[in-house]
Amino acid sequence: MNKIKYIAAVLIGIAGLGLQQAKADTFNFTSDHCTVACGPQSSFGTVTLTQVGANVNVVVSLLNGNQFVKTGAGGFMYFLFDNTGITLANITSISGAPAGTTAFMGPIMANGTGSWGWGIGCASCAVGGGAAFPGPITFTVTNTTLAAMEVGHSVSGFGTELFVADILSGTTGATGDVDVNTPAHVPDGGATVMLLGTALGALGMARRFIMS
């Protein structure tokens with residue numbers, strides 16, 4: 001029985017570590033700032049932030065055939081966010097975007113959503129719908145937290161702006177920026193639940209092995 005208790009303690013510790021290290025929040029782009037409406041769409045896409053240890057993984061996905069585009073409406077960036085506690089060196093592993101895509105330090109102005117601290121864009125890439133791409137865009141921000149990634153900034157008449165994407169609408173063909181302008185989000189416990197389930201399953205297998 002001492003062996004069972006030892007294995008149980010180890011596996012529960014692993015599960016607890018997973019609960020601390022893998023937490024995720026998902027946000028929906030619901031606000032339309034396109035010059036000609038990009039909607040109506042209940043959600044233009046999502047931003048999912050996952051805390052893994054000291055880093056945050058970011059996945060920006062578009063829905064309904066929408067694509068990322070580079071225009072002046074989005075400050076010539078594909079995606080914009082705020083985080084006052086990082087430098088350019090903290091933004092790494094950008095993928096899902098054209099070659100040459102990198103991070104840019106603000107201030108970066110976007111149509112109707114104010115000034116942003118950080119952008120993901122491509123200086124050498126073409127402007128306009130002909131250069132649109134579906135994504136998703138993914139990257140990692142090191143040495144930060146979910147709270148620091150979700151601070152946003154206030155814009156008169158629009159509340160708190162959290163994230164912006166510049167898009168080519170899959171439903172209207174218009175281009176322009178869409179944003180998350182509310183702190184509401186959907187907590188995603190999937191990663192931590194999976195880790196806990198894996199640990200508990202392994203515990204059951206270990207117990208049956210020792211008792212056999």
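Just above sits the structure.
Residues numbered from 1 in each chain as written. Predicted model: local features only at pLDDT ≥ 70, side-chain atom pairs only at ≥ 80, totals over all residues. Heavy atoms only, no water.

1. Considering the environment of S93
- With respect to the helices and strands, S93 occurs in strand β7 (residues 91-95).
- Under the relative-accessibility criterion, S93 is labelled exposed at 56%.
- A C-alpha to C-alpha distance of 5.1 Å links S93 and F139, two positions 46 residues apart in sequence.
- If near-sequence neighbours (up to four positions away) are discounted, S93 is found in contact with T138, F139 and T140. (Helix = DSSP H or I, 4+ residues; strand = E, 2+ residues; numbered from the N terminus. Buried < 20%, exposed > 50% of the residue type's maximum accessible area, 1.4 Å probe, protein only. Contact = heavy atoms within 4.5 Å.)

2. Things to note about the pairing of strand β10 (residues 137-141)
- The buried fraction of β10 is high, at 4 of 5 residues.
- Here 5 bridges tie strand β4 (residues 55-62) to β10, and the two strands are oriented antiparallel to one another. Across the sheet, the residue bridging to V59 is T138, located in β10.
- Pairing between β7 and β10: 3 bridges, direction antiparallel. Bridged to T92 within β10 is T140. (Pairing = 2+ DSSP bridges.)

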